[in-house]
Amino acid sequence: MMMWRKKGFLSIFPRTILSYSRSRRLLSRHRGDGENGKKGLGKIVVNKVSKFHHDYPLASNCIVYGGITGFTEFTQQTVQYKLVPYWQKQETKNYDKSSLMRYTSLGCVVFAPVLHYWYRFLDTKYPANTTKVVMKKVGLDLVVLGAPLYAAFYAFICALEGYKAQDIIKELKSKLLATLAAGAVFWIPAQTVNFRYVPPTGRILYISVCTFVEVNILSVLKKMDFGD
């Protein structure tokens, strides 16, 4: 009976050690799976976003562009309503949510669809990236697209702000020429880089980043009073 108990004890003891070792390995594996799971989740998200952009490029561009233009207005208001009054020790103002929605809508409804089909046309019509072709694309972008797109910017924002038709025309007359000049200075080098080095799949994303800078300029021009 004692031998059975001793044998039982001796047989249980190594099993206990073995169970403990297995538990350590399982715990280590679980932690590793958790870390790999986090990496795997990030990869899944990136793949999903890439697939959505590939399958629905227009919708993807609308989301990106709407976010860019909305965030641009947000930064403008942060400086104007929060930072400047704080530095001047004045009372800060609340964010103008209606203006944020207007600029977000501008990116979604106007800029993204126009630029999506415009760059698709240019890349199909002029697929090469030689110096001659790049210069032709830059010229077409400024001459053909520039004035209508900037006019659409002012008309769209003014219409959402409740301007009447004659007031919109007055706004265009006073600001469109200066906007075209500022746009040419900014976009000639930016578009040269775009058409020469950026692949068609990354065109709208690159332009969105550039537009973050440009819409800040447009927002300042829109709020300036040029007089009659």
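Think of each chain on its own: its residues are numbered from 1, step by step along the sequence as written. Predicted model: local features are reported for residues with pLDDT of at least 70 only, side-chain atom pairs are reported and counted for 80 or more only, and whole-chain, interface and lining totals are derived from all residues. Processing note: side-chain calculations cover all non-hydrogen atoms of the structure and skip hydrogens and water entirely.

Now for the packing of helix α3 (residues 97–125) against helix α4 (residues 131–160). Where α3 contacts α4, the two axes come as close as 11 Å, and the packing angle between them is 160°. Put simply, α3 runs roughly antiparallel to α4. Between α3 and α4 the crossing geometry is right-handed. All residues other than Ala, Val, Leu, Ile, Met, Phe, Trp, Tyr, Cys, Pro, Asp, Glu, Lys and Arg, Gly among them, are scored as polar; the first ten of these are nonpolar and the last four charged. Of the residues belonging to the contact of α3 with α4, the class tally is 19 nonpolar, one polar and four charged. With axes taken as lines fitted to C-alpha atoms, and helix axes fitted only over the stretch in contact, angles between N-to-C directions fall between 0 and 180 degrees. Helix and strand assignments come from DSSP, with helices taken as H or I runs of at least 4 residues and strands as E runs of at least 2, each series counted from the N terminus. The labels follow the angle: roughly parallel below 35 degrees, roughly antiparallel above 145, roughly perpendicular from 65 to 115, and oblique for the rest. When the near helix sits turned anticlockwise from the far one by under a right angle, the crossing is termed left-handed; a clockwise turn instead gives a right-handed crossing.

Moving on: the environment of glutamate 91. In this structure, glutamate 91 sits in the loop between α2 (57–87) and α3. Expressed as a C-alpha distance, the spacing of glutamate 91 and tyrosine 81, which sit ten residues apart in the sequence, is 8.8 Å.

As a further point, take the pattern of salt bridges. It is possible for side chains of opposite charge to pair when their charged atoms get near one another. We define a salt bridge as a side-chain nitrogen of Lys or Arg found within 4 Å of a carboxyl oxygen belonging to Asp or Glu. Overall, the coordinates contain five salt bridges when judged by the stated rule. Across the pair aspartate 123 and lysine 137 runs a salt bridge whose closest N-O atoms are separated by 3.2 Å. Linking aspartate 123 in helix α3 with lysine 137 in helix α4, this pair joins segments that are 14 residues apart in sequence. When its relative accessible area of 17% is taken as the criterion, aspartate 123 is described as buried. Here lysine 222 and glutamate 161 are joined by a salt bridge, their closest N and O atoms 3.2 Å apart. Here lysine 222, found in helix α6 (residues 203–223), pairs with glutamate 161, found in the loop between α4 and α5 (165–197); they are 61 residues apart in sequence, far enough to count as distant. Working definition: with a 1.4 Å probe on protein chains only, accessible area under 20% of the residue-type maximum means buried, over 50% means exposed, and in between means partly exposed. According to the relative accessible area criterion, lysine 222 is buried, its value standing at 7%.

By this rule, a helix spans an expected 1.5 Å times one less than how many residues it contains. Along its 29 residues, α3 runs 41 Å from first to last C-alpha, staying within 8% of the 42 Å computed at 1.5 Å per residue. Bending of α3 peaks at approximately 35° at the position of phenylalanine 111, with proline proline 113 no more than four residues after it. Any N or O atom pair separated by 3.5 Å or less is treated as a polar contact, with the protein-specific requirement of one donor-capable and one acceptor-capable atom, and with residues adjacent in sequence counted only for side-chain atom pairs. Capping of α3 at its N-terminal end is provided by aspartate 96; its side-chain oxygen lies 3.2 Å from the backbone amide nitrogen of serine 98. We define the bend at any residue as the angle between the axes fitted to the seven residues before and including it, ending there, and the seven starting there.

Take the packing of α2 against α3 next. Between α2 and α3, the least distance of the axes is 7 Å, while the angle of their chain directions is 140°. In terms of orientation, α2 lies oblique with respect to α3. Crossing geometry of α2 relative to α3 is assigned as right-handed. In terms of residue class, the contact of α2 with α3 is made up of 13 nonpolar, nine polar and two charged.

What follows is about the confidence of the model for the chain. pLDDT gives the predictor's per-residue confidence on a scale running from 0 to 100. For the chain, per-residue confidence averages 80 on the pLDDT scale, and 81% of positions sit at 70 or higher. A contact between two residues is defined here by any heavy atoms of the two lying within 4.5 Å. Scored below 50 in pLDDT, residues 1–20 shows zero contacts in the model against residues more than four places distant or in partner chains.

Another point: a nonpolar patch on the surface. Together, Val79, Leu83, Tyr86 and Trp87 make up an exposed nonpolar region whose accessible area comes to about 470 Å². Looking at leucine 83, the relative accessible area reads 34%, which means it is partly exposed. For patch building, the residue pool is restricted to those with more than 30% relative accessible area and no salt bridge; the joining distance is 9 Å between like charges and 5 Å between nonpolar side chains (Val, Leu, Ile, Met, Phe, Trp, Tyr). Surface accessibility in these figures is a Shrake-Rupley result with a 1.4 Å probe; residues are shielded only by whichever protein chains are displayed.

Ring pairs are drawn from Phe, Tyr and Trp, using the six-membered ring of Trp, whenever the two centres fall within 6.5 Å, and their geometry is named by plane angle: stacked under 30 degrees, edge-to-face over 60, tilted for the rest. Using the criterion set out here, one finds nine aromatic pairs in the structure. Geometrically, the ring pair formed by phenylalanine 153 and tyrosine 154 is edge-to-face, given 4.9 Å between the ring centres and 65° between the ring planes. The burial state of phenylalanine 153 is the same as that of tyrosine 154; both residues are buried. Centroid distance phenylalanine 186 to tryptophan 187: 5.1 Å. Interplanar angle 80°. Geometry classified as edge-to-face. You can call tryptophan 187 buried: its relative accessible area is 7%.

Turning next to the side chain of serine 99. By secondary structure assignment, the location of serine 99 is in helix α3. Excluding residues within four positions of it along the chain, serine 99 makes contact with Glu73 and Gln77.

Moving on: the nonpolar core. Nonpolar core, defined: a set of buried Ala, Val, Leu, Ile, Met, Phe, Trp, Tyr and Cys residues in which side-chain atoms within 4.5 Å join the residues together. Leu106, Phe111, Leu115, Tyr119 and Phe153 are the most contacted members of the largest nonpolar core, which has 31 residues in total. With ten residues, α4 is the single largest residue contributor to this core. If we ignore the near neighbours within four places in the chain, the residues touching phenylalanine 111 are Tyr65, Thr69, Leu106, Leu149, Phe153, Thr211 and Val215.

The next subject is unusual backbone geometry. Positioned with a positive phi, lysine 89 is a non-glycine residue whose angle comes to about 55°. You can see lysine 89 is positioned in the loop between α2 and α3.

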